[in-house]
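# Analysis of the macromolecular model
Here's the letter readout for the chains.
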Amino acid sequence: MNALARLKPPQGIAAMQFINITVINPFFMAAFLGTAAACIFLLISSLLKWHQPGAVYLLLGSLLYLVGTLGVTIFFNVPLNEALARVEPDSTEGANLWSTYLVNWTIWNHIRTVAALAATASLTIALCLGSTIAGGLDNTVR
């Protein structure tokens, strides 16, 4: 976003519009929504096997991804992208939107980045604890 902010508004808007079109592809969608599906499974599994080591980390990691990454994207970044898609890059309306878009999109992107990193850390801790929540092998020492 820092690079796009250095461009003149029509150029930055056009570039971001192309980025937003290009990112919607099968590989990205599979990774993004596939991770969400896995987190839903892990969330339910963690509740069903709450007594297992790592269950709280699976629950936390899943919620962080679902709310902080998927939710923020759906409820904040996508509406910003849709508003930007409706303006002409070289219009006054576009230039006015661009200044607020840059600030708001960057804030929400930082929030979802932190949430994704925290989710990764929490899910990694659960994995390291040898949790059997997801139906994997029990790696605990007996």
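Anything mentioned here points back to the structure above.
Just so it is clear, the model here is predicted, and its values are computed rather than measured.

If you tally the helices and strands in the protein chain, you get 5 helices and 0 strands. Mapped in sequence order, the helices and strands of the protein chain form the string α-α-α-α-α. Whereas a compact globule of 142 residues would reach a radius of gyration of roughly 14 Å, the protein chain reaches 19 Å, over 25% beyond that. Buried residues in the protein chain amount to 33% of all 142 residues. Contacts in the protein chain between residues far apart in sequence, at least 24 positions, make up 72% of those at least 6 positions apart. For the protein chain, the exposed area adds up to about 8700 Å²; of that, 71% sits on carbon and sulfur atoms.

Now for the layout of surface pockets. Here the largest pocket is characterised by a volume of approximately 490 Å³. The wall of the largest pocket is formed by 20 residues, among which Asn 20, Val 23, Ile 24, Val 78 and Asn 81 lie closest to the centre. Only helix H2 (9–22), helix H3 (26–48), helix H4 (55–85) and helix H5 (92–128) provide two or more residues apiece to the lining of the largest pocket. Tallying contributions element by element places H4 first for the lining of the largest pocket, with 7 residues. In terms of residue class, the lining of the largest pocket is built from 13 nonpolar, 5 polar and 2 charged.

Since there are 3.6 residues in each turn of an α-helix, residues three or four apart along the chain are aligned in direction. Look at H5: 53 Å from first C-alpha to last across 37 residues, which is about the 54 Å you get at 1.5 Å a residue. At Tyr 101, H5 is deflected by roughly 30 degrees, the largest bend along its length. At its buried positions, H5 is contacted by helix H1 (2–5), H2 and H4.

A word on the packing of H4 against H5. Relative to each other, H4 and H5 sit at 165 degrees, their axes nearing to 8 Å. With respect to their mutual orientation, H4 and H5 come out roughly antiparallel. By crossing handedness, the relation of H4 to H5 is classed as left-handed. A per-class count over the contact of H4 with H5 returns 23 nonpolar, 10 polar and 1 charged.

Another aspect to go through is the packing of H2 against H4. Put simply, H2 and H4 touch, their axes get as near as 10 Å, and they point 125 degrees apart. In terms of axis orientation, H2 runs oblique to H4. In this structure, the crossing between H2 and H4 has a hand that is left-handed. Touching Ile 13, Met 16, Gln 17 and Asn 20 of H2 are Asn 81, Leu 84 and Ala 85, all from H4.

Procedures and definitions
Residues numbered from 1 in each chain as written. Predicted model: local features only at pLDDT ≥ 70, side-chain atom pairs only at ≥ 80, totals over all residues. Heavy atoms only, no water. Helix = DSSP H or I, 4+ residues; strand = E, 2+ residues; numbered from the N terminus. Rg over C-alpha atoms; globule rule 2.2 N^0.38 Å. Buried < 20%, exposed > 50% of the residue type's maximum accessible area, 1.4 Å probe, protein only. Contact = heavy atoms within 4.5 Å. Areas by Shrake-Rupley, 256 points an atom, 1.4 Å probe, with all protein chains shown as cover. 1 Å grid on protein atoms, 1.4 Å probe; cavity = no way out; pocket = protein on both sides within 12 Å on 5 of 7 lines; lining within 4 Å. Points joined across faces, edges and corners; volume = space filled by probe spheres on them. Nonpolar A, V, L, I, M, F, W, Y, C, P; charged D, E, K, R; others polar. Expected span 1.5 Å × (residues − 1). Bend = angle between axes of the 7 residues up to and from the residue. Axes fitted to C-alpha atoms, helices over the stretch in contact; angles between N-to-C directions. Parallel < 35°, antiparallel > 145°, perpendicular 65-115°, else oblique. Left-handed = near helix turned anticlockwise from the far one by under 90°.

Just geometry here; none of it tells us what the structure is for.
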